[in-house]
Amino acid sequence: ARVQDVSLTYARHLPRLVDADGQMTIYDHRFAVAVDRGRAVPPEGGSLDATGTTFVIPDMRERPARGEVSLRASGPLVAALSYLDSPKLEVMQKANKPVALGEGAVSVEGRIELPLKKGVQREEMTVTATGTVQGFSSTEVVPGRTLSADRLALDLDDDRLVISGTADMSGIPFDGRWEQSLIPGEGSRVEGQVALSQPVVEALGVTLADGTISGRGTGALSIALDKGAPPRFSLTSSLAGVGLSLPQIGWRLSQRQTGRFEISGSLGKPVTVDRLALSGNGLDTSGTVTLDANGKFSRLELPRLKVGGWLDGAAVLSARGQGRAPAVALSGALLDMRRAPFGTG
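Residues numbered from 1 in each chain as written. Predicted model: local features only at pLDDT ≥ 70, side-chain atom pairs only at ≥ 80, totals over all residues. Heavy atoms only, no water.

Moving on, we get to the overall build of the chain. A count of helices and strands for the chain gives three helices and 23 strands. In terms of overall size, the chain is more extended than a compact globule, its C-alpha atoms giving a radius of gyration of 28 Å where 345 residues would be expected to give roughly 20 Å. When burial is assessed residue by residue, the chain has 45% of its 345 residues classed as buried. Of the contacts made within the chain by residues no fewer than 6 positions apart, 44% connect residues no fewer than 24 positions apart. When the accessible surface of the chain is summed, it comes to about 16,800 Å², and 50% of that surface belongs to carbon and sulfur atoms. Of the charged side chains in the chain, 38 are positive and 38 negative; the average position of the first set lies 5 Å away from that of the second. (Helix = DSSP H or I, 4+ residues; strand = E, 2+ residues; numbered from the N terminus. Rg over C-alpha atoms; globule rule 2.2 N^0.38 Å. Buried < 20%, exposed > 50% of the residue type's maximum accessible area, 1.4 Å probe, protein only. Contact = heavy atoms within 4.5 Å. Areas by Shrake-Rupley, 256 points an atom, 1.4 Å probe, with all protein chains shown as cover. Lys, Arg positive; Asp, Glu negative; His and termini not counted. Charge placed at Lys NZ, Arg CZ, Asp CG, Glu CD.)

Have a look at this one:
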């Protein structure tokens, strides 16, 4: 039978399909509705075009019967997330993120299977969805940072929500994914590859002396997003394509050389750096960085510092103001002055 301008209820807790045209069939105890035109209106974000959606009860004799929704929807991102946050689904509530996650237009295909009975529980339902988000922008994924992209992929199942692709995170070119667990008590992570350069490091909130980093390479960035705590970050790199210079100790790593760089800390205000480790071209060191309230370099403490064959000990580098090289204090150090290439500064 052909149906026109109907309102279809396929699950009591999900937004109804309205203004729907389509085809309804009942055959051999199977009930099906195929929607040629229609829309769903969740509580927030506007309406979703649901053209192409189907609703099937494979066997109406079953008690309870089982419903299968093959969902096709396009429209505002907020509307799509509001649909997924419907009672029983509650995807965004489990993610501890607002339905208004950000701006964008979404096109999604998904499947929802559920028993058609009163008081259905979430564990009795199966939900999967894949799609794309165009023109994405959000300050909610990473608090204090703006994540934006022309196009991202969306992937949802019962355990996780993943948004992935090439994006910009407050000036940091980023190719990776945001994975939000839907298991109660678990947080989310942002992981991917970033272009590594001095502007990128400073975009993280770590301000270094001019000329410390030159060239451009790649690094692996991981950000842990746990409820009630500032985001924790970790950045590692082989330094291929990146040049580093510490003229105060006469050390330099050219862009043609490789090494190992690690930095981790918190993206609070101000940023804190709990660990910084660097090795390459005869240098091996690790320590902590202290930044002032404006995120400017204040102090670098290196309990372990080895440089070539002439220095083995500990050092502290302290800021001396704008335009001035940091002061260097050595302690417990073994020095071979005959082999020390102090350079300039």
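Moving on, we come to the pattern of salt bridges. One pass over the full model with this rule turns up 22 salt bridges. Among the ionic pairs, Arg72 bridges to Glu109, the shortest N-O distance being 3.8 Å. Placement of the pair is Arg72 in strand S6 (residues 66–76) and Glu109 in strand S7 (residues 103–115), with a sequence separation of 37 residues. When its relative accessible area of 45% is taken as the criterion, Glu109 is described as partly exposed. Taking the shortest distance from any N to any O, the salt bridge between Glu262 and Arg260 comes out at 3.3 Å. (Salt bridge = Lys/Arg side-chain N within 4 Å of Asp/Glu carboxyl O.)

Examined bridge by bridge, S7 and strand S8 (residues 126–138) share ten bridges and lie antiparallel to one another. Considered in S8, the bridge of Glu109 is made with Thr130. Pairing of S8 with strand S9 (residues 147–156) involves nine bridges; the strand directions are antiparallel. Bridging from a neighbouring strand, Val133 pairs with Leu152 of S9. (Pairing = 2+ DSSP bridges.)

With that settled, consider the packing of aromatic side chains. Scanning the model with the defined rule gives two aromatic pairs in all. Pairing Tyr10 with Phe55 gives two aromatic rings, centres 6.1 Å apart and planes at 50°, and the pair type is tilted. With Tyr10 in the loop between strand S1 (2–8) and strand S2 (17–27) and Phe55 in strand S5 (residues 54–57), this pair connects stretches of sequence that are 45 residues apart. With respect to burial, Tyr10 and Phe55 carry one shared label: buried. With a centroid separation of 6.4 Å and 70° between ring planes, the pair formed by Phe31 and Phe55 is classed as edge-to-face. Taken together, the positions of Phe31 in strand S3 (residues 30–40) and Phe55 in strand S5 put the pair 24 residues apart, joining distant regions of the chain. Each member of the pair, Phe31 as well as Phe55, is classed as buried. Aromatic ring contacts, followed pair by pair, group Tyr10, Phe31 and Phe55 into a single cluster. (Phe/Tyr/Trp six-rings, centres within 6.5 Å; stacked < 30°, edge-to-face > 60°.)

Another aspect to go through is the sheet that holds strand S16 (residues 242–246). The strand order across the open sheet built from three strands is S13-S16-S17, with neighbouring strands paired in antiparallel fashion. Where the open sheet ends on each side, the last strands, each with one partner, are strand S13 (213–215) and strand S17 (251–253). When the angles between neighbouring strand axes are averaged without regard to direction, this sheet yields 15°. By the bridge criterion, three bridges tie S16 to S17 in an arrangement that is antiparallel. By the bridge assignment for S17, Ser245 is matched with Arg252. (Axes fitted to C-alpha atoms, helices over the stretch in contact; angles between N-to-C directions.)

So, on to the pairing of S16. Side-chain positions along a regular strand alternate between the two faces of the sheet. Two elements, S13 and S16, share three bridges in a ladder whose sense is antiparallel. Bridged to Ser214 within S16 is Gly243.

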